[in-house]
Amino acid sequence: MDGSHGGGKSGRVNQAGLLAAALAALPFVLVLARTEVTGQIMGTVRARGAKNLGDIVVYIEKVEGQFQSPKTPVLIDQVKRAYVPHVLAVVVGTEIEFLNSDNELHNVHARQNKTQLFNVGIPPQRKARRILKEEGVVTLLCDIHPEMSAYILVLQNPYLARPDEKGNYAIGNVPPGTYTLRAWHEKLKAQTMEVKVPEGGKVTADFELKP
Ligand SMILES: [Cu+2]
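Residues numbered from 1 in each chain as written. Predicted model: local features only at pLDDT ≥ 70, side-chain atom pairs only at ≥ 80, totals over all residues. Heavy atoms only, no water.

A. Geometry of the side chain of Q156. Mapped onto the secondary structure, Q156 falls in the loop between β11 (149-155) and β12 (160-161). Accessibility expressed as a relative area gives 10% for Q156, which makes it buried. A polar contact of 2.7 Å, which involves the side chain of Q156, links it to the backbone oxygen of V63. A distance of 2.8 Å separates polar atoms of two side chains, one belonging to Q156 and the other to N157. (Helix = DSSP H or I, 4+ residues; strand = E, 2+ residues; numbered from the N terminus. Buried < 20%, exposed > 50% of the residue type's maximum accessible area, 1.4 Å probe, protein only. Polar contact = N/O pair within 3.5 Å; in protein donor to acceptor, adjacent residues only side chain to side chain.)

B. Examining the sheet that holds strand β15 (residues 191-197) more closely. With antiparallel pairing, the four strands of this open sheet are ordered in space as β12-β2-β14-β15. Strand pairing shows two members of the sheet lacking a second neighbour, β12 and β15, which therefore form its edges. Examined bridge by bridge, strand β2 (residues 57-60) and strand β14 (residues 177-184) share four bridges and lie antiparallel to one another. Looking across to β14, one finds that V57 is bridged to W184. (Pairing = 2+ DSSP bridges.)

C. Broad picture of the nonpolar core. Membership of the largest hydrophobic core comes to 24 residues, with the highest contact counts inside it found for I41, V58, Y169, I171 and L181. Elements represented by at least two residues in this core include exactly β1 (39-47), β2, β13 (168-174), β14, β15 and β17 (207-209). With residues up to four places along the chain from it excluded, the contact list for I171 reads G39, Q40, I41, V58, Y59, Y159, L160, A161 and L181. (Core = buried A, V, L, I, M, F, W, Y, C linked by side-chain atoms within 4.5 Å. Contact = heavy atoms within 4.5 Å.)

Right, here's the structure in full:
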């Protein structure tokens, strides 16, 4: 009997408590809903002298928050004396797996900010892993084969895009706000642009990269 009486009373308390909790949480829920209405940045990159427009990276320089690196390493293969892919863009803290699919020795000589990051020899069919801990452009060279080169853009956030063969790109799910957008190419001058991403809307940013 005591149990059922107590249960009824606590049931009413629970209902009132739930209503109070729901009301207290309402502004929070609204804030959450607001921030989830993301926008899109889109546009075209023209680049005279770029062999492959897909080797251009368009990215937001800084977005509020911390961004997780992938749980599994990202692969750079060494195939027929070339790094595949030639250009990679990752979030800071990402682990890279360097695979050697050739039947000859390669070494990955990595530099960042004009200093050596690491230099590791990789025998045929073997691999090595390294974590990229700092933002910036990492250049890769093989000391044995001067024709081998690659670039890794280590970025603060994952809001980036690679243009298609016509130069069109789109970065989706961007939180509303004002950002500095940058278009990067290994040989052309990088270009930056201020963009304002509206809530739930689109902003266009076209680039023309020059030597
Ligand atoms: Cu090599």
